[in-house]
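Each chain is listed here by its residues.
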Amino acid sequence: MTMLVTGCGGQVGTELLRRARAHGIDVIGLSHQELDITRSDQVDAALSRLPVTVVVNAAAYTAVDRAEHDKAAAFAVNRDGPANLAQFCTGQGIPLIHISTDYVFDGNKPGPYTENDPVAPLGVYGASKAAGEQAVRELAPKHVILRTAWVYSAHGHNFVKTMLRLGRERDEIGVVADQVGCPTAAGEIAVAIITVIKAMQAGGDPWGTYHFCAAGQASWYQFACRIFEIASRYRPYPVTVKPIPGTAYPTPVRRPANSVLDCSRIEETFDLDRRPWPGPLADVLGEIHNN
Ligand SMILES: NC(=O)c1ccc[n+]([C@@H]2O[C@H](COP(=O)([O-])OP(=O)(O)OC[C@H]3O[C@@H](n4cnc5c(N)ncnc54)[C@H](OP(=O)(O)O)[C@@H]3O)[C@@H](O)[C@H]2O)c1
């Protein structure tokens with residue numbers, strides 16, 4: 001198997017490149033600079049000259065608030081880009097693994113979201129990702145859509161790194177306590193994708209939509225408290241974290257109050273173990289502080 005990763009400079013793309021070979025999968029990464037997935041001519045030219053047997057789309061427009069004023073760009077990357085990749089993959093008879101998001105849901109469900117729940121995005125980003133999913137379903141019979149949430153890693157911009165910066169700059173931080181989700185390290189997503197690819201390699205037929213997050217759930221407030229508890233092993237963070245309601249931290253796009261994803265389908269289909277979220281968080285904080 002040779003896996004082609006688009007958007008390989010992002011959080012998930014970077015972790016895929018780091019981990020694939022150790023799992024016996026050849027990998028080729030193309031960054032945004034090397035391949036713009038919104039350009040179907042570039043997609044066809046770049047991918048057809050490479051020995052690709054599976055494409056993983058880790059490219060996305062992920063600036064949730066900016067997307068409200070940049071709708072065309074968000075839809076170009078998050079809907080038209082996956083559509084271009086899906087068309088290429090179908091033409092070549094190869095599978096497409098596409099990453100999507102909890103933001104396709106409005107967060108009003110009282111319990112964890114399953115793959116069968118109807119989408120109802122709250123903003124442009126979520127709508128563009130839902131449209132990308134639909135394009136992949138329509139254009140690529142051999143697809144796996146992997147929805148995940150609350151992604152962080154040692155590189156890129158994310159909640160963990162923002163908290164660490166604020167923890168160095170401030171004495172007190174207010175963090176939203178009435179929104180819950182599953183904090184998920186990009187490295188765990190990479191391992192889940194590799195597990196899916198190995199199942200394909202073994203002759204499985206796993207096409208469809210799956211939810212994947214680390215096990216357990218937390219509010220942003222609980223996530224922040226755990227970040228500082230673990231990070232304090234490496235250096236002092238004498239910051240007080242206070243719980244605040246989402247209404248006290250207004251954003252251009254309302255965030256889902258409930259982002260918890262039911263991941264039983266991926267666990268059962270691929271015999272996949274999900275680590276409870278604090279373990280991968282400790283790994284990432286170690287990586288950040290030891291570099
Ligand atoms: N981050 C989260 O909390 C979160 C939560 C749920 C789901 N997800 C999903 O998980 C996936 C990976 O997210 P991530 O956190 O790894 O995102 P990320 O760190 O923002 O990486 C996205 C990558 O896509 C690249 N990109 C943007 N436009 C492109 C284009 N037209 N062609 C090719 N590459 C392009 C970006 O390059 P530039 O930076 O150079 O533009 C960046 O390297 C996405 O599908 C995202 O929707 C993320």
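## A closer look at the overall build of the protein chain
Part 1: When helices and strands are counted, the protein chain shows nine helices and twelve strands.
Part 2: Computed over the C-alpha atoms, the radius of gyration of the protein chain is 19 Å, within 12% of the 19 Å expected from 2.2 N^0.38 for a compact globule of 291 residues.
Part 3: The principal-axis extent of the C-alpha atoms belonging to the protein chain is close to 55 × 35 × 35 Å.
Part 4: Counting only residues that meet the buried cut, the protein chain has 52% of its 291 residues in that class.
Part 5: When contacts within the protein chain are restricted to residue pairs at least 6 apart in sequence, long-range pairs at least 24 apart make up 81% of them.
Part 6: Roughly 12,600 Å² of accessible area belongs to the protein chain as shown, and the carbon and sulfur atoms make up 49% of that amount.
Part 7: Of the side chains in the protein chain, 27 bear a positive and 30 a negative charge, and the two mean positions are spaced by 4 Å.

## Notes on the sheet that holds strand E10 (residues 208-211)
Part 1: Within the open sheet, the six strands sit side by side as E2-E1-E3-E4-E5-E10. Their pairing is parallel. Of all the strands in the sheet, the pair left with one neighbour each is strand E2 (26-30) and E10. Each strand axis lies, on average, 20° off the axis of its neighbour in the sheet, ignoring direction.
Part 2: As paired strands, strand E1 (residues 2-6) and E2 are joined by five bridges and run parallel to one another. Its bridge partner being in E2, Val-5 is matched across the sheet by Gly-29.
Part 3: Seen against the sheet, helix H3 (residues 71-92) touches E1, strand E3 (54-57) and strand E4 (96-101) and runs at an angle of roughly 160° to E4.

## What about the packing of helix H2 (residues 40-48) against H3?
Part 1: One can describe the packing of H2 onto H3 by two numbers: an axis separation of 9 Å at closest approach and a directional angle of 40°. Here H2 is positioned oblique relative to H3, judged by the angle of their axes. The hand of the H2/H3 crossing is right-handed. Facing Ser-40, Val-43, Asp-44, Leu-47 and Ser-48 of H2, the residues of H3 in contact are Asn-84, Leu-85 and Phe-88.
Part 2: For the contact of H2 with H3, the class distribution of residues is four nonpolar, three polar and one charged.

## Quick word on the site of the ligand
Part 1: Lining the immediate environment of the ligand, one finds 26 residues, of which His-32, Asp-36, Thr-62, Tyr-125 and Lys-129 sit closest.
Part 2: In this structure, Asp-36 approaches the ligand through a side-chain N or O atom, which is 2.9 Å from a nitrogen atom.
Part 3: In the complex, the protein chains occlude 80% of the 910 Å² of accessible area that the ligand would expose alone.
Part 4: Mapped by element, the contributors of at least two residues to the shell around the ligand are helix H1 (11-20), E4 and helix H4 (124-139).
Part 5: Considering each element in turn, the shell around the ligand owes the most residues, three residues, to E4.
Part 6: Residues that form the shell around the ligand fall into these classes: twelve nonpolar, eleven polar and three charged.

## Notes on the packing of aromatic side chains
Two numbers describe a pair of aromatic rings. These are the distance of the centres and the angle of the planes.
Part 1: Summed over the entire model, instances satisfying the criterion amount to eleven aromatic pairs.
Part 2: Their ring planes at 75° and their centres at 5.7 Å tell us that Tyr-103 and Tyr-125 sit as a pair that is edge-to-face. Here the residue Tyr-103 occupies a position in the loop between E4 and H4, and Tyr-125 occupies one in helix H4, the gap between them amounting to 22 residues. Taken as a pair, Tyr-103 and Tyr-125 share a single burial class, namely buried.
Part 3: For the pair Phe-159 and Phe-223, a centre-to-centre distance of 5.1 Å together with 20° between the ring planes defines the contact as stacked. Taken together, the residues Phe-159 in helix H5 (residues 159-169) and Phe-223 in helix H7 (residues 220-231) connect sequence positions 64 residues apart.
Part 4: Residue classification places Phe-223 among the buried positions, given a relative accessible area of 1%.
Part 5: Three or more aromatic residues link up through ring pairs in this structure, and these residues are Trp-150, Tyr-152, Phe-159, Trp-220, Phe-223 and Trp-277.
Part 6: Here the guanidinium or amino end of Arg-226 rests over the ring plane of Trp-277, the centre of that ring lying 5.7 Å away.

Scoring rules and cut-offs
Residues numbered from 1 in each chain as written. Predicted model: local features only at pLDDT ≥ 70, side-chain atom pairs only at ≥ 80, totals over all residues. Heavy atoms only, no water. Helix = DSSP H or I, 4+ residues; strand = E, 2+ residues; numbered from the N terminus. Rg over C-alpha atoms; globule rule 2.2 N^0.38 Å. Buried < 20%, exposed > 50% of the residue type's maximum accessible area, 1.4 Å probe, protein only. Contact = heavy atoms within 4.5 Å. Areas by Shrake-Rupley, 256 points an atom, 1.4 Å probe, with all protein chains shown as cover. Lys, Arg positive; Asp, Glu negative; His and termini not counted. Charge placed at Lys NZ, Arg CZ, Asp CG, Glu CD. Pairing = 2+ DSSP bridges. Axes fitted to C-alpha atoms, helices over the stretch in contact; angles between N-to-C directions. Parallel < 35°, antiparallel > 145°, perpendicular 65-115°, else oblique. Left-handed = near helix turned anticlockwise from the far one by under 90°. Nonpolar A, V, L, I, M, F, W, Y, C, P; charged D, E, K, R; others polar. Near = heavy atom within 4 Å. Polar contact = N/O pair within 3.5 Å; in protein donor to acceptor, adjacent residues only side chain to side chain. Phe/Tyr/Trp six-rings, centres within 6.5 Å; stacked < 30°, edge-to-face > 60°. Lys NZ or Arg CZ within 6 Å of the ring centre and 35° of its normal.

These figures come from the coordinates and say nothing about function on their own.
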